[in-house]
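Descriptive analysis of the structure
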Amino acid sequence: MKFYFILLLLLLLVPRPGAAQQGLRLPLDSVLRRVDRDNPGLRRYEARIGAAEAYAKGARTWAPPTVGAGPFMMPYTPRQTNDNGPAMRQGSIMLSVDQNIPNGARQRANERYLQSRTGLEQESRAYERNQLLSEARQHYYSWALLLKKQRILDGSEELLRFIIRSIELRYKYGGEKLSDAFRAKAELQRQQAEELEVQGRIDERRIALNTLMNRPPNEPFEIDSAYARPDYRAAPDTATLARSRSDVRRLDQTLVRTRLQQELELTSRKPEFGVRYQHMNALGGNNPNLYTLQGMVSIPIAPWAARGYKANVAALGLEAEALREERAALVVQATGRASGLLARLQAKAGQIALYEQRIVPAVLKSYRATLLAYEQNTEQLTAVLQAWEALRATRLEAVNQELEYVQLQTDYEREIEQ
């Protein structure tokens, strides 16, 4: 009897694969593609990029012409004739057309400045995309490890139910204590409470991923539960990190936009032109019709006019310097954070290896030794239950270490934008 009991306990130690579940199964790359394609927070940037391109298309337009009409040089007291000759002028009706001709260099500079917003919006989208994809990876990896924890708890529950039945059966013949049955039942209730917590955390991950993919929150789907732990050797150098991080590239685009705005302000010192045509249709007498044709040019180098754009150019130069310093600080901080996260990742990987290679095997050997002693009637079933509790707790703690590794992994990948 004890031999079969011990054999079953040993078989229950082997973690069983998760039960096959029907329904949609999404691997990680499919989840990431759906987030990239369907998330509303990312789709809004497509409209912003389109808006920037539309603004740039109108950069070379001219101001509309101005048309006017009205009396010109009309006398307050008109007379039809004078004492010495023909009728005096009675004024004119004037029609006028004005057209400002913009400076071509200023238009080109304005077009380049407006086009620079496209790159800025693209890098802003890349930054938010990195945040959302990192969040999706963390939920996905956590879900896979929670399934692993769920399998451990399922096996533990089956064992406890078997132990309870065995204790109740043996108690009838005086082979076990009734207190052991009560203790096992209490442990079973605690086990079920823990299973509910794990299931709730799995549901939370599913809802979070559905939200990121812009799907109904409670729509069911399954994941690939296999999780391969990456092995990071060294953090990227400063130059590589600066090229890979979208927030650094966004600062680069902001710096380019500031420089283009400065160039646009510098074109304010270039003159702009205008044309004015006026036609006067004379009233009364035999006076001829008249016209005026004028060309106009602005004089922006006048001191009272130049003061404004000179101040703007100087201010934009200082803003560019501030952006360069901000970029340098961001790269230094990112390099430090990436190196610190890598150190923690390597330490956590060492902890996981200790659990997998030494701690769990040692506790398993202790459990098996307790079973052997129970078979030889030198230990009570209480000791077997305690040994199993220790093994279960150790296995769950090993999974918790992997969950902590996942958090560090996603933080590190977010930093290096991998």
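Provided above is the structure to which this section pertains.
The structure presented is a predicted model; accordingly, all values stated were derived computationally and were not measured. (Residues numbered from 1 in each chain as written. Predicted model: local features only at pLDDT ≥ 70, side-chain atom pairs only at ≥ 80, totals over all residues. Heavy atoms only, no water.)

Quick look at the overall build of the protein chain now. When its secondary structure is counted, the protein chain shows nine helices and six strands. Residues classed as buried in the protein chain amount to 40% of the 418 residues present. In the protein chain, the proportion of contacts linking residues at least 24 apart, taken out of those at least 6 apart, comes to 82%. Of the roughly 23,600 Å² that the protein chain leaves accessible, carbon and sulfur atoms contribute 55%. (Helix = DSSP H or I, 4+ residues; strand = E, 2+ residues; numbered from the N terminus. Buried < 20%, exposed > 50% of the residue type's maximum accessible area, 1.4 Å probe, protein only. Contact = heavy atoms within 4.5 Å. Areas by Shrake-Rupley, 256 points an atom, 1.4 Å probe, with all protein chains shown as cover.)

Where nonpolar side chains cluster on the molecular surface, the patch consists of Val67, Val97, Val275, Tyr277, Tyr291 and Leu293 and spans about 610 Å² of accessible area. Broken down by secondary-structure element, the contributors of at least two residues to the nonpolar patch are β5 (273-282) and β6 (290-297). Positionally, Tyr291 belongs in strand β6. Given a relative accessible area of 59%, Tyr291 falls into the exposed group. (Patch = residues over 30% accessible without salt bridge, like charges linked within 9 Å, V, L, I, M, F, W, Y side chains within 5 Å. Salt bridge = Lys/Arg side-chain N within 4 Å of Asp/Glu carboxyl O.)

Another point: the side chain of Asp38. Relative to the helices and strands, Asp38 resides in helix α2 (residues 28-38). A distance of 2.9 Å separates a polar atom in the side chain of Asp38 from a polar atom in the side chain of Arg37. With near-sequence residues (within four places) excluded, Asp38 lies in contact with Arg43, Met213 and Asn214. (Polar contact = N/O pair within 3.5 Å; in protein donor to acceptor, adjacent residues only side chain to side chain.)

For the rest of this paragraph, the subject is the side chain of Arg245. Along the chain, the position of Arg245 falls in the loop between α6 (238-244) and α7 (246-266). Judged by relative accessible area, Arg245 falls into the buried class, the value being 6%. Of the polar contacts made by the side chain of Arg245, one reaches the side chain of Asp247; its length is 2.5 Å. If we skip the residues at most four places from it in the chain, Arg245 touches Leu330, Ala334, Arg337, Arg414, Glu415 and Glu417.

Before going further, it helps to examine unusual backbone geometry. Note: most peptide bonds trans; most residues except glycine with negative phi. Of note, the phi angle at Met73 is positive, near 55 degrees, even though the residue is not glycine. Within the fold, Met73 resides in the loop between β2 (66-72) and β3 (92-101). Within the chain, Asn214 stands out as a residue other than glycine whose phi angle is a positive 60 degrees. Tracing the backbone through its elements, the reader meets Asn214 in the loop between α5 (178-212) and β4 (222-223). Owing to a relative accessible area of 41%, Asn214 belongs among the partly exposed residues under this scheme.

Below, the discussion takes up helix α3 (residues 40-57). Relative to the 26 Å expected for 18 residues at 1.5 Å per residue, α3 spans 26 Å between its end C-alpha atoms, a close match to the ideal helical length. Every buried residue of α3 is accounted for by Gly41, Leu42, Tyr45, Ile49, Ala52 and Ala56. The arc that holds the buried residues of α3, viewed along the axis, is 100 degrees, so those residues lie on one side. Within α3, the exposed residues directed more than 90 degrees away from the buried face are Ala47 and Lys57. Its side-chain oxygen 2.9 Å from the backbone nitrogen of Gly41, Asn39 forms the N-cap of α3. (Expected span 1.5 Å × (residues − 1). Arc of directions from axis to C-beta.)

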